[in-house]
Every structure is written in structure tokens, then in C-alpha cells.
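Notes for the structure review
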Amino acid sequence: MTGFATDSRLGEREAPVMDPKDLRIGDAERERTMEALREHFAQGRLDHQELDERLDRALAAKTARDLADVTADLPGSPAVHPGPPAPGTPGMDDWKAAMRAHRQQMEHVHGAQRDMRRAYRDMRRGGRRHHGPPPFVPILGVFLILGAVFGGWGILKVLFVLWIVGMVVGLIRRKSGR
């Protein structure tokens, strides 16, 4: 016989029902069992040699039955249940949705911070935005050019000093936030 059960009524063969303990296990199950063995060692239930031997058996285990045999004589042995996770256990889709929600929340926080910085900067400036030099700087520049073209170098020197003073005052006002 090849391992298939025969239905005597119909003469058909059915697939055998496999014991869950004979299903193959993965690294996560092995790691859980090894962690339990380390805990039993820490509590004094196993000596060092026995721990090493059982860890080797856990690493070599292929089925849930093999892992159950490694911890069978220890209290509170972890039940190895291969297969789909229990209902309510977070899966990859839950993780992706949580990461997407976190990303959106962080974008919202960054936008709010940006708006707050902008509002604070505007408040310090008296609610007005300043672009470009103050209006008296271009006017001084025009007088400077006119003085150079039509003579009057004496007035040119006065305008140049006023222009420098205006630049310094504007810089100080900008730095102080007024």
C-alpha cells in the first residue's frame, strides 16, 4: 500500500490525514524552542552539557514532533503549531498599513511644523513679508548715478555715506527681527 486510505464503499483512495506534529517546521519554531531551552537552563533545570545537546537536537529538528521531543520532559514546553497564524495575529498587510499611516502622520507633523515656523517668522516681522531692499536704497542709487553724471562730487560723497548707513541699519533691523 502506498499510504493512501481506501474507501471500501466506493473503491476510491483518499489522501491520508497527516498529523500536524509531522509537518515540517521553520527557523522561527526552532528559535522559540531554543529560547525556551535557554530559559530552562537559566532556571537550573538543565546543566550545560544537556543544554548543548538539546540545542543541537533543536537545530537538527525537521518536524514539530522532533521539537516536541526535545522539550517533552520540561514543564511548560512550548507548543509548536505550524501553519497559519491565529486570528488576530498581525500580518504583513497590517504592518504595511501601519507604516503607511505612520508616514502620513509624520508628513502632517512636518507640514504643521513648517506652518508654525512660517507664522512665527511672520509674527516677528509684524505680519508683513519683506522681499528685496528697502525702498530708500534704490533711490539713493539713482541719486548716486545722477551725481556722477552731472558733477557734484561733494553730494556724491554724502549720498554714498547715507547709502552705507542705510545698508547697515537695514541689516541690523533684519537681524533683530523688526
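Analysis parameters
- Residues numbered from 1 in each chain as written.
- Predicted model: local features only at pLDDT ≥ 70, side-chain atom pairs only at ≥ 80, totals over all residues.
- Heavy atoms only, no water.
- Helix = DSSP H or I, 4+ residues; strand = E, 2+ residues; numbered from the N terminus.
- Buried < 20%, exposed > 50% of the residue type's maximum accessible area, 1.4 Å probe, protein only.
- Contact = heavy atoms within 4.5 Å.
- Areas by Shrake-Rupley, 256 points an atom, 1.4 Å probe, with all protein chains shown as cover.
- Axes fitted to C-alpha atoms, helices over the stretch in contact; angles between N-to-C directions.
- Parallel < 35°, antiparallel > 145°, perpendicular 65-115°, else oblique.
- Nonpolar A, V, L, I, M, F, W, Y, C, P; charged D, E, K, R; others polar.
- Core = buried A, V, L, I, M, F, W, Y, C linked by side-chain atoms within 4.5 Å.
- Salt bridge = Lys/Arg side-chain N within 4 Å of Asp/Glu carboxyl O.
- Expected span 1.5 Å × (residues − 1).
- Arc of directions from axis to C-beta.
- Patch = residues over 30% accessible without salt bridge, like charges linked within 9 Å, V, L, I, M, F, W, Y side chains within 5 Å.
- Polar contact = N/O pair within 3.5 Å; in protein donor to acceptor, adjacent residues only side chain to side chain.
- Lys, Arg positive; Asp, Glu negative; His and termini not counted.
- Charge placed at Lys NZ, Arg CZ, Asp CG, Glu CD.

Regarding its fold elements, the protein presents six helices and two strands. Tracing the protein from N to C terminus, the helices and strands come up as β-β-α-α-α-α-α-α. Every one of the 178 residues in the protein was classed for burial, and the buried ones make up 19%. In the protein, of all internal contacts separated by at least 6 residues, the share reaching a separation of at least 24 is 52%. Counting only carbon and sulfur atoms, one obtains 61% of the accessible surface of the protein, whose full area is about 14000 Å².

Remark: helix 1 (residues 27-42) packs on helix 2 (residues 48-60), axes separated minimally by 10 Å, with the N-to-C direction vectors making an angle of 175°. Considered as vectors, helix 1 and helix 2 are oriented roughly antiparallel to each other. Across the interface between the two elements, Arg 30, Thr 33, Met 34, Leu 37, Arg 38 and Phe 41 from helix 1 touch His 48, Leu 51, Arg 54, Leu 55, Ala 58 and Leu 59 from helix 2. Residues that form the contact of helix 1 with helix 2 fall into these classes: seven nonpolar, two polar and three charged.

Residues Ile 25, Met 34, Leu 37, Leu 46, Leu 51, Leu 55, Ala 58, Ala 61, Ala 64, Leu 67, Val 70 and Leu 74 constitute the largest nonpolar core, which totals twelve residues. Elements with a contribution of two residues or more to this core: helix 1, helix 2 and helix 3 (64-70). When near neighbours in sequence (up to four residues on either side) are disregarded, Leu 46 contacts Leu 37, His 40, Phe 41, Arg 54 and Leu 74.

One pass over the structure, following the stated rule, counts seven salt bridges. A network of salt bridges, in which partner residues are shared, links Glu 31, Glu 35 and Arg 38.

Moving on, we come to helix 2. For helix 2, spanning 13 residues, the distance from its first C-alpha to its last is 19 Å, which sits close to the expected 18 Å at 1.5 Å a residue. Listed in full, the buried residues belonging to helix 2 are Leu 51, Arg 54, Leu 55 and Ala 58. The buried residues of helix 2 occupy one face: seen down the axis, they fall within an arc of 105°. Of the exposed residues in helix 2, the ones pointing more than 90 degrees away from its buried face are Gln 49, Asp 56 and Ala 60. Those residues of helix 2 that are buried are in contact with helix 1 and helix 3.

Below, the discussion takes up a nonpolar patch on the surface. Judged by side-chain polarity, Ile 139, Val 142, Phe 143, Ile 145, Leu 146, Val 149 and Phe 150 come together as a nonpolar surface patch covering roughly 740 Å² of accessible area. Secondary-structure assignment places Val 142 in helix 5 (residues 136-149).

Next up on the list: helix 1. Since the α-helix packs 3.6 residues into each turn, any two residues three or four apart lie on the same face. Between its first and last C-alpha, helix 1 extends 22 Å over 16 residues, near the 22 Å set by a 1.5 Å rise per residue. Taken together, the buried residues of helix 1 touch helix 2 and helix 3. Two residues or fewer after helix 1 comes Gly 44, characterised by a positive phi angle close to 90°.

So, on to the side chain of Glu 29. With respect to the element layout, Glu 29 can be found in helix 1. With a relative accessible area of 15%, Glu 29 lands in the buried category. Within the structure, the side chain of Glu 29 is placed 2.8 Å from the backbone nitrogen of Gly 26, a separation counted as a polar contact.

On the surface, Arg 114, Arg 117, Arg 121 and Arg 125 cluster together into a patch of positive charge. Position of Arg 114 among the secondary structure elements: in helix 4 (residues 92-124). By relative accessible area, Arg 114 is classed as partly exposed at 44%.

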